[in-house]
Amino acid sequence: MTNHQSLANKPIGVFDSGAGGLTVVSQIFRHLPSEQVIYFGDMGRTPYGIRSAEVIKSFSRQNVNFLLEQDVKFIVVACNSASALALDYILQIFNIPMMGVIEPGSRAAASGTKNGRIGVIGTEATIGSLSYTKALLKIDPKLEVFSMACPLFVSLAENGYIGKKAAYLIAEDYLGYLKEKKIDTLVLGCTHYPPLKGVIGKVMGDDVRLIDSAEETAKTIGQMLAELNLANSNPAAGAHKFYVSDTPEKLKEISKYFVESPVEEVARIDINSY
Ligand code: DGL
């Protein structure tokens, strides 16, 4: 086996502030079945979306250190808040290819809109960073972008509080502004929102297309791995591994909201030691 092949056979590292990044993992399983995934969900320090850029950068640095110890070949920042506020920083300090979820999600939205009016929802950190707005306007300066932070959606998804009356009331309250703006495309700019697609879709109406960046992210990972000659050509990928910074049971319990088959084996690590 050449050096190059052995590098390509290594796993992809994925991190998120909690369970939501499993939406990206599920799309990696679907689009890149030959790749092995090492997932880290920072359940002990979630949520990231209410924290400052400095804290999100420092957490992200530790998460990358942990994944590097697992000998990964490529890192996916599946958390929108960390992609928005820490990706540039970790790209500067580490020498490993990495990507976030903002650009793939923006590309999918820009290519899907017909009227050029795009809504973006996410955590306070992601929306406050204007990362999606900047990424969308870079693709097409004529687009009109309207954003709204929806922090309570994270708790609704983490608690499986989906499809209940309270979820609709909260969604109506948050999304009223975006409905008024007559958007035709809405980016779900947070890993925790895809489980709420049904509620968000009903509130926004059939004419608004929802963009889940997870699928576009998985496709972009595939392209980047191919460009970097890092795609695993060995169809028998090693076993996927899941790690958290708090009790493993919580990830096992809520994984069903984010991936098709629940995650069964999860180990706890001490992220503060990285
Ligand atoms: N993973 C975070 C994101 O995509 C959502 C949850 C959090 O606030 O940590 O922004």
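First things first, this report covers the structure right here in the doc. These numbers were taken from a predicted model, which means no experiment stands behind them. (Residues numbered from 1 in each chain as written. Predicted model: local features only at pLDDT ≥ 70, side-chain atom pairs only at ≥ 80, totals over all residues. Heavy atoms only, no water.)

## Structural notes on empty space enclosed by the protein
Evaluation of the coordinates by the stated rule reveals 2 cavities of 30 Å³ or more. The space that makes up the largest cavity amounts to roughly 60 Å³. In terms of lining, the largest cavity is formed by Thr-23, Val-24, Ala-78, Asn-80, Val-101, Leu-188, Cys-190, Thr-191, Pro-194, Asp-212, Ser-213 and Ala-214. Its residues assigned to classes, the lining of the largest cavity shows 7 nonpolar, 4 polar and 1 charged. Volume-wise, the second largest cavity comes out at about 30 Å³. Every residue lining the second largest cavity is listed: Val-120, Thr-126, Ile-127, Leu-130, Ser-131, Tyr-132, Thr-133 and Ser-147. Only helix H6 (124-129) and helix H7 (131-139) provide two or more residues apiece to the lining of the second largest cavity. Considering each element in turn, the lining of the second largest cavity owes the most residues, 3 residues, to H7. Class assignment of the residues belonging to the lining of the second largest cavity gives a composition of 4 nonpolar, 4 polar and no charged. (1 Å grid on protein atoms, 1.4 Å probe; cavity = no way out; pocket = protein on both sides within 12 Å on 5 of 7 lines; lining within 4 Å. Points joined across faces, edges and corners; volume = space filled by probe spheres on them. Nonpolar A, V, L, I, M, F, W, Y, C, P; charged D, E, K, R; others polar. Helix = DSSP H or I, 4+ residues; strand = E, 2+ residues; numbered from the N terminus.)

## Quick look at the nonpolar core
In terms of nonpolar packing, the biggest core is built from 52 residues, with Leu-22, Ile-121, Phe-153 and Ile-200 touching the most fellow members. Here the element with the most residues in this core is helix H9 (residues 165-180); it accounts for 5 residues. (Core = buried A, V, L, I, M, F, W, Y, C linked by side-chain atoms within 4.5 Å. Buried < 20%, exposed > 50% of the residue type's maximum accessible area, 1.4 Å probe, protein only.)

## Thoughts on the sheet that holds strand E5 (residues 117-122)
With parallel pairing, the 4 strands of this open sheet are ordered in space as E6-E5-E7-E8. With partners counted over all chains shown, the strands left at the sheet margins are strand E6 (144-149) and strand E8 (209-212), one partner each. Geometrically, the sheet is characterised by an average inter-axis angle of 25° between neighbouring strands, direction not taken into account. Where strand E7 (residues 185-189) meets E8, 4 bridges bridge the pair, whose relative direction is parallel. Opposite Leu-186, over in E8, you have Leu-210 as the bridge partner. Lying on the sheet, helix H5 (residues 102-112) is in contact with E5, E7 and E8; it crosses E8 at an angle near 160°. Sheet strands touched by H7: E5, E6 and E7. Its angle to E6, the strand with the most contacts, is close to 165°. (Pairing = 2+ DSSP bridges. Axes fitted to C-alpha atoms, helices over the stretch in contact; angles between N-to-C directions. Contact = heavy atoms within 4.5 Å.)

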